[in-house]
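Structural description and commentary
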Amino acid sequence: MKTLFIIDDYFPERAAPAVRIRSFVNELDDAYVVGGCRQDPKDSMVCIVDRPSEKDFFAFSYFLLKLNAVALYQTIKRAPKVTVLSIPKYELLLCFPFLRLFTKKLVLDVRDSVNFINYSSYFAHFLPLALAKALGAIVKLWWRLWLIICVECAHKVTCANKGIKELIGGTRTVVISNGVNTELFVPKAKKKSGFHVAYVGNFAEKDRFDWIIPALEEVPATLHLVGRGRNKDRVIKELKKRKIKVVDHGFVDHKKLPKIIDGMHAGFIFRDGEVTESIPVAIYEFSSMNIPSIANGGGLLTDFMKKYGL
């Protein structure tokens, strides 16, 4: 099957989006990827577009426009039987309706909900807060409407979880959940001395650190942070202000992640209880290594420690 995958962040393979797409690519004999990269993968089956930091609003906006153009060009050039465009970078949807003209089957892979789009935080970097909120709301409405058009253009819509499927609806929408490599994520090492808690993710607005910070002030614990995101600097600043012991591992290669997780006593990802459209792959990684994880809801870490006798 001649398949073309389009994704904003593909190489190096360190985050859940790339891991998800890579698992699809590995099952196909004839697959080609158009993706954003931070270094040259030296792979003839990958068309790369240099991916700048998301903190640089204008450079990243240009990257997304360029990726749209490259994706459209490669689809025209290769005329694949199946083209799969994977978001939640909804800006990639600009080219989506036009892709249908040059491929036999067009698939939209939705990994995150449109509800989590937050342009206001971007615009607030260089616009007055009131204007940033208003403009952000307008852009979010635009993507909601454009998503409806793209769903109608797609032959099939795949979703990372049931919550996204319910949000999108339709008979052509199916769930292909994020999985975990159970050969890679297996318990091996002993736990670190003391009490160590880990967060693995992208530090977006939906990740509620405000729930765990007060608990960490009461508990003699070390918080380990893995990943990146536009809110990470703000989170670390607040942790240090509260005198919470924190270890920032930065952006870790996917193959090195099990070693870090293996030494933890618990992992957490706090989301609002009603947020059913976002179940991170990190939850599965922690559970596969028999490490307790706290997911939705705002329960205190102290209660969690007592529950597991920590």
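Heads up: the structure comes first, above all this text.
All of these numbers come straight from a predicted model, not from anything done at the bench.

Next up on the list: the nonpolar core. When a protein is soluble and globular, its nonpolar side chains tend to lie buried together. With 41 residues, the main nonpolar core has V34, L85, Y90, L93, F96 and L108 as its most contacted residues. A per-element tally of this core places helix α5 (residues 129–153) first, with 8 residues. Apart from residues no more than four positions distant in its own chain, Y90 is found in contact with V110, D112, S113, V114, I117, W143 and L147.

The next thing to look at is the pattern of salt bridges. Counted according to the given criterion, the structure contains 9 salt bridges. The closest approach of N and O atoms between R20 and D109, which form a salt bridge, is 2.8 Å. Here R20, found in helix α1 (residues 16–25), pairs with D109, found in strand β5 (residues 105–110); they are 89 residues apart in sequence, far enough to count as distant. On the basis of relative accessibility, which here comes to 4%, the residue R20 falls in the buried class.

A few words on the packing of aromatic side chains. Scanning the entire structure with this criterion turns up 10 aromatic pairs. Relative to F126, the ring of F58 has its centre 5.5 Å away and its plane inclined at 35°; by these criteria the two rings are tilted. Highlighted residues: F58 in helix α2 (residues 57–78) and F126 in the loop between α4 (119–123) and α5, separated in sequence by 68 residues. The class for F58 is exposed, based on a relative accessible area of 58%.

So, on to the layout of surface pockets. Considered as a void within the structure, the second largest pocket measures approximately 200 Å³ in volume. In this structure, the second largest pocket is lined by 12 residues; those nearest its centre are F5, F24, V84, V107 and I176. Classifying every residue of the lining of the second largest pocket by side-chain character gives 9 nonpolar, 2 polar and 1 charged.

Within strand β8 (residues 196–201), 5 of the 6 residues are buried, which leaves it mostly tucked inside the rest of the structure. Across 6 bridges, the pairing between β8 and strand β9 (residues 222–227) is parallel. Along β9, the bridge assignment pairs H196 with T222. Traced from β8 through helix α7 (residues 209–218) to β9, the parallel crossover comes out right-handed.

For α2, built from 22 residues, the straight-helix expectation of 32 Å at 1.5 Å per residue is met to within 8% by its first-to-last C-alpha distance of 31 Å. Every buried residue belonging to α2 is among F60, F63, L64, L67, N68, V70, A71, Q74 and T75, and all of these are buried. Elements in contact with the buried residues of α2: β1 (2–11), β2 (30–37), β3 (46–50), β4 (82–87) and α3 (96–99). With its phi angle positive at about 45°, A79 sits one or two positions after the end of α2.

Parameters and conventions
Residues numbered from 1 in each chain as written. Predicted model: local features only at pLDDT ≥ 70, side-chain atom pairs only at ≥ 80, totals over all residues. Heavy atoms only, no water. Core = buried A, V, L, I, M, F, W, Y, C linked by side-chain atoms within 4.5 Å. Buried < 20%, exposed > 50% of the residue type's maximum accessible area, 1.4 Å probe, protein only. Helix = DSSP H or I, 4+ residues; strand = E, 2+ residues; numbered from the N terminus. Contact = heavy atoms within 4.5 Å. Salt bridge = Lys/Arg side-chain N within 4 Å of Asp/Glu carboxyl O. Phe/Tyr/Trp six-rings, centres within 6.5 Å; stacked < 30°, edge-to-face > 60°. 1 Å grid on protein atoms, 1.4 Å probe; cavity = no way out; pocket = protein on both sides within 12 Å on 5 of 7 lines; lining within 4 Å. Points joined across faces, edges and corners; volume = space filled by probe spheres on them. Nonpolar A, V, L, I, M, F, W, Y, C, P; charged D, E, K, R; others polar. Pairing = 2+ DSSP bridges. Right-handed = clockwise from strand over helix to strand, strands pointing away. Expected span 1.5 Å × (residues − 1).

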